[in-house]
Amino acid sequence: MLEHIGNYEVKDRIGRGGTADVFLGFQASLNRTVAIKVLAPEFVADDRVLERFRREKDAIAALVHPNIITIYEYIEEQGLYCYVMEHLEARTLSDVLKEETTVDESRATKIMIQLMAALEYAHGRGIIHRDIKPGNIFVDEEDRLKLTDFGLAKDLHKSSDLTQTRQPIGTPYYMAPEQVRGEATDVTTDIYQSGVVLYHLLTGHVPFPGRTPYEVTNKVLKDKIAFDDTEREVISPSLRAIILTAASKIKEDRYLTAEAFRKDLERVQSGDVIMGVANPEIAEYYKRGVKHGMLVCKKLDIEIQLVKSMTFIGRGPGVDVTIPEKSLQPKQAMIKFINGQYMLVGSNKDVGITVNGEPIFGKPDRMLEDGDRIKIVGNDFVFIDPR
């Protein structure tokens, strides 16, 4: 057990990560308690891990913000590699969720506004975190937030990246699709992860559970975030719209900046109604007070409320949505309402129907979510579900 590191007395170990331990420390000269993150001995000889550790301290040192943990000193001595940071009298959001299961909307909004402020500052200085999750977010008794653990952070101003190309990085439950695929990450990766954190705070569970990392990441790629009937009743449409925008699988449909995410949260905090950002053209239908799902196609001048248990799409006769295309069957597809969900069902003929760019032919029934884009033989539909 270490007793001293530099000018710091080392006390109990208070945390353990994949490559480092965190100890409680005391600096007598300033009469203050600190936290000391020490690279585990078995990784000292690993050049990649050591360089990542140094990069982490550089990232934190470059960020001076009330919602980001503060680093005091970096020490290399006698084979030890460590940095000293402020000690937080706080709990992680993981601890909060274990004890309270869910967080109410007002509190969750307050927490997320601070998280966006931290990310807005970091992104403005070229740093993306890439591991936003409840375990890396601390809140004190007054819900003042500190973002920690920049071990996977990337400096956009530097060309090199210490993560292996095409290798997934992050925590599976909170990973963005581009991380799962080993693709390039950017500020919208942090936005996606933050949307998943907000979902977890409000529902008490992650959107894509699984028994193995493969099962989880497969859902991250293929499944959409959904809310059950109870969650739809207790979570406001505004916050559901914010989550679906932030955690869109399509990067371009997410909030493009933490500032935009923060501003929508602040609007909710002030009582405004958020219509959704990923598909702003649907806002007019929310304003009309639509109560059922809708299918809209501007090109064909189609606006139909899905009030029936089954809505047929094809070239007719006897269909509810007529598309004048000879390649279609009389009843090419169907939207059915079952167990509180709208499901898109295709026929046994492949005509290239896609949902958000993904073909549906030969696949199980596709659950539709608010803002989904459906393409049928060159005709673009938007599915709207304001419930």
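Draft legend 1. Layout of helix α6 (residues 213-222). Here α6 has its buried residues at Val216, Thr217 and Val220. An end-on view of α6 places all buried positions within 90 degrees of arc, on one side of the element. Looking at α6, the residues exposed on the side facing more than 90 degrees away from the buried face are Tyr214 and Lys222. The secondary structure elements touched by the buried residues of α6 are α4 (177-180) and α5 (187-203).

Draft legend 2. Seen up close, unusual backbone geometry. Positive phi outside glycine occurs at asparagine 31, with the angle close to 50 degrees. Relative to the assigned elements, asparagine 31 resides in the loop between β3 (20-27) and β4 (32-39). Assessed through its relative accessible area of 62%, asparagine 31 is described here as exposed. The phi dihedral of aspartate 143 is positive, around 60 degrees, even though this residue is not glycine. Position of aspartate 143 among the secondary structure elements: in the loop between β9 (137-139) and β10 (145-147). Residue aspartate 143 is classed as buried on the basis of its relative accessible area of 10%.

Draft legend 3. Looking closely at the packing of aromatic side chains. By the definition in use, this model includes five aromatic pairs. Taking the centre distance of 5.4 Å and the plane angle of 35 degrees together, the rings of phenylalanine 53 and tyrosine 83 count as tilted. Remark: tyrosine 83 occurs in strand β6 (residues 80-86) and phenylalanine 53 occurs in helix α1 (residues 47-61); sequence separation between them is 30 residues. With respect to burial, phenylalanine 53 and tyrosine 83 carry one shared label: buried. Measuring from centroid to centroid gives 5.4 Å for tyrosine 342 and phenylalanine 383, while their planes differ by 65 degrees, and the two rings are edge-to-face. Separated by 41 residues along the polypeptide, tyrosine 342 in strand β17 (residues 341-346) and phenylalanine 383 in strand β22 (residues 379-384) bring together distant segments of the chain.

Draft legend 4. Inspection of the sheet that holds strand β7 (residues 91-92) at higher detail. Strand order in this open sheet of three strands is β7-β9-β10, and the pairing throughout is antiparallel. Looking along the sheet, the strands with just one partner apiece sit at the ends: β7 and β10. Of the pairings in the sheet, the one linking β9 to β10 comprises three bridges and is antiparallel in character. Within β10, the position partnered with isoleucine 137 by the bridge is leucine 147.

Draft legend 5. Spotlight on α5. Between its terminal C-alpha atoms α5 stretches 25 Å, which fits the 24 Å expected from 17 residues at 1.5 Å a residue. Within α5, 16 of the 17 residues are buried, which leaves it mostly tucked inside the rest of the structure.

Definitions and limits used
Residues numbered from 1 in each chain as written. Predicted model: local features only at pLDDT ≥ 70, side-chain atom pairs only at ≥ 80, totals over all residues. Heavy atoms only, no water. Buried < 20%, exposed > 50% of the residue type's maximum accessible area, 1.4 Å probe, protein only. Helix = DSSP H or I, 4+ residues; strand = E, 2+ residues; numbered from the N terminus. Arc of directions from axis to C-beta. Contact = heavy atoms within 4.5 Å. Phe/Tyr/Trp six-rings, centres within 6.5 Å; stacked < 30°, edge-to-face > 60°. Pairing = 2+ DSSP bridges. Expected span 1.5 Å × (residues − 1).

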